[in-house]
Amino acid sequence: MEINVIMNDLHRCGYFNETADPCGSSLSSETDPIDPKLLIQMIQNQWLGKKVCCLRSVSSTNDILEKLGEQGVPHGTVVTADYQSAGRGRAGRSWSAPSGSGLLFSYLIRPEIEAKEIPLITLAAAVGTARGLEKATGIRPGIKWPNDIIFEGRKVAGILAEARFEHSHPKAVVVGVGINMHLQTHEWPAELTNKAISVFQITGVFFKRQEVLQAVCEENEREIERLIQGDPQIVLNNWLAYSATIGQVVDVVLPNEVFRATACALNQDGGLIVQDEFGVQRTIYMGDISLRHVNRGCTGD
Ligand code: BTN
């Protein structure tokens, strides 16, 4: 139902007509609006953010874009929302934020890559988001493997990349980004006050979502393009430059197992090489880690 309404709207405002303005006027919040036309005009990109749709309330921008992807929207299409009623995070978690308090958006890419390279998209998006945030706000965030953007141990942004496969090849990947922008300390639910933080709490400044979106999209294109051009090593090096993970003691949380380890390095596929308490090295591709805030070296360092 929701997608039909959005598709009609997109057709009405000429989204699928190259010569018309995409999405007409912004449907986004009045206090901190995101104007798709302005974004398209200002963004210094070749493909990411050249088709933009800004909506008030959706289930999840990832869901909307996945469905738009099936309808054939092009590589680089962006959907933003002020509010998500069913925002999703990694590992089946939910992602919720009061309307207009966050920068919530997804972009769709149609990369010609192998399935095993998908984790690299996640890392590239993390670098692009961390660097875009730094460029727009001056914050220097860190990345907790694989793609949590953190500041002083608290999460300021999260990324959820979801791929659709055809004959075991990734046909399209939707990358969803949620950035905590404006929430103040007293506005967080109690269980998140020590775990999450907003750009406003860090800087004391009400940065405009439009400007942050532009910078984050520019930096995401830059990093994703490196993968498309077959240059993953630069993405890995850039990720390491923002790493808040390597050298840290972590709890590794896998579907059937939790163990303490030291994060040692990234491998070429974006997997995290850890050394457990018995000195055994393992590489993790899925799952989560939590930081114990203790530095330790790995054998061979
Ligand atoms: C995580 O840290 O677990 C990932 C969070 C990703 C949240 C964003 S908000 C925009 C997009 N739509 C979603 O439903 N999720 C992502």
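Residues numbered from 1 in each chain as written. Predicted model: local features only at pLDDT ≥ 70, side-chain atom pairs only at ≥ 80, totals over all residues. Heavy atoms only, no water.

This brings us to the site of the ligand. Near the ligand you find 20 residues, and of these Ser60, Gln84, Arg88, Arg90 and Lys155 are the closest. For the ligand, a nitrogen atom lies 2.8 Å from a polar atom in the side chain of glutamine 84. When the free accessible area of the ligand is taken as 420 Å², the share hidden by the protein chains comes to 99%. Considering every element that reaches the shell around the ligand, the biggest residue donor is strand β6 (residues 154-166), with 4 residues. (Near = heavy atom within 4 Å. Polar contact = N/O pair within 3.5 Å; in protein donor to acceptor, adjacent residues only side chain to side chain. Areas by Shrake-Rupley, 256 points an atom, 1.4 Å probe, with all protein chains shown as cover. Helix = DSSP H or I, 4+ residues; strand = E, 2+ residues; numbered from the N terminus.)

Turning our eyes to something else, we now look at the nonpolar core. Within the largest apolar cluster, 63 residues are counted, with the highest numbers of intra-cluster contacts made by Phe105, Tyr107, Ile149, Ile179 and Val252. Per-element accounting of this core gives the leading share, 10 residues, to helix α4 (residues 118-137). Leu68, Val73, Val79 and Leu108 belong to the second-largest nonpolar core, a separate cluster that totals 12 residues. (Core = buried A, V, L, I, M, F, W, Y, C linked by side-chain atoms within 4.5 Å. Buried < 20%, exposed > 50% of the residue type's maximum accessible area, 1.4 Å probe, protein only.)

Mapped onto the fold, serine 101 is located in the loop between β2 (78-84) and β3 (102-109). Look past the residues within four positions of serine 101 in its chain and what remains in contact with it is Asn180, Met181, His182 and Leu183. (Contact = heavy atoms within 4.5 Å.)

Spanning 20 residues, helix α6 (residues 209-228) covers 28 Å between terminal C-alpha atoms, matching the ideal 28 Å at 1.5 Å per step. Across the 20 residues of α6, 15 count as buried, placing the element largely inside the fold. Phi turns positive, to about 80°, at glycine 230, one or two residues after α6. (Expected span 1.5 Å × (residues − 1).)

With that out of the way, let us pick up helix α7 (residues 232-242). Turning to α7, its buried residues are Val235, Leu236, Asn238, Trp239 and Tyr242. When α7 is viewed along its axis, its buried side chains cluster within an angular range of 165° and face the same direction. Of the surrounding elements, those touching the buried residues of α7 are α4, β4 (142-144), α6 and β9 (257-266). (Arc of directions from axis to C-beta.)

For the rest of this paragraph, the subject is the confidence of the model for the chain. Residues of the chain with pLDDT of at least 70 account for 90%, and the chain-wide mean is 91. The low-confidence segment residues 16-27 (pLDDT under 50) makes 33 contacts with residues lying over four places distant or belonging to another chain. (pLDDT = per-residue confidence, 0-100.)

Another aspect to go through is the packing of α4 against α7. Remark: α4 packs on α7, axes separated minimally by 9 Å, with the N-to-C direction vectors making an angle of 50°. Comparing their axes, α7 and α4 come out oblique. Considering how the two elements wind past one another, α4 and α7 form a crossing that is left-handed. Here Leu120, Leu123, Ala124, Ala126, Val127, Ala130, Arg131 and Glu134 of α4 come into contact with α7, specifically with Pro232, Val235, Leu236, Asn238, Trp239 and Tyr242. Broken down by class, the residue content of the contact of α4 with α7 amounts to 11 nonpolar, 1 polar and 2 charged. (Axes fitted to C-alpha atoms, helices over the stretch in contact; angles between N-to-C directions. Parallel < 35°, antiparallel > 145°, perpendicular 65-115°, else oblique. Left-handed = near helix turned anticlockwise from the far one by under 90°. Nonpolar A, V, L, I, M, F, W, Y, C, P; charged D, E, K, R; others polar.)

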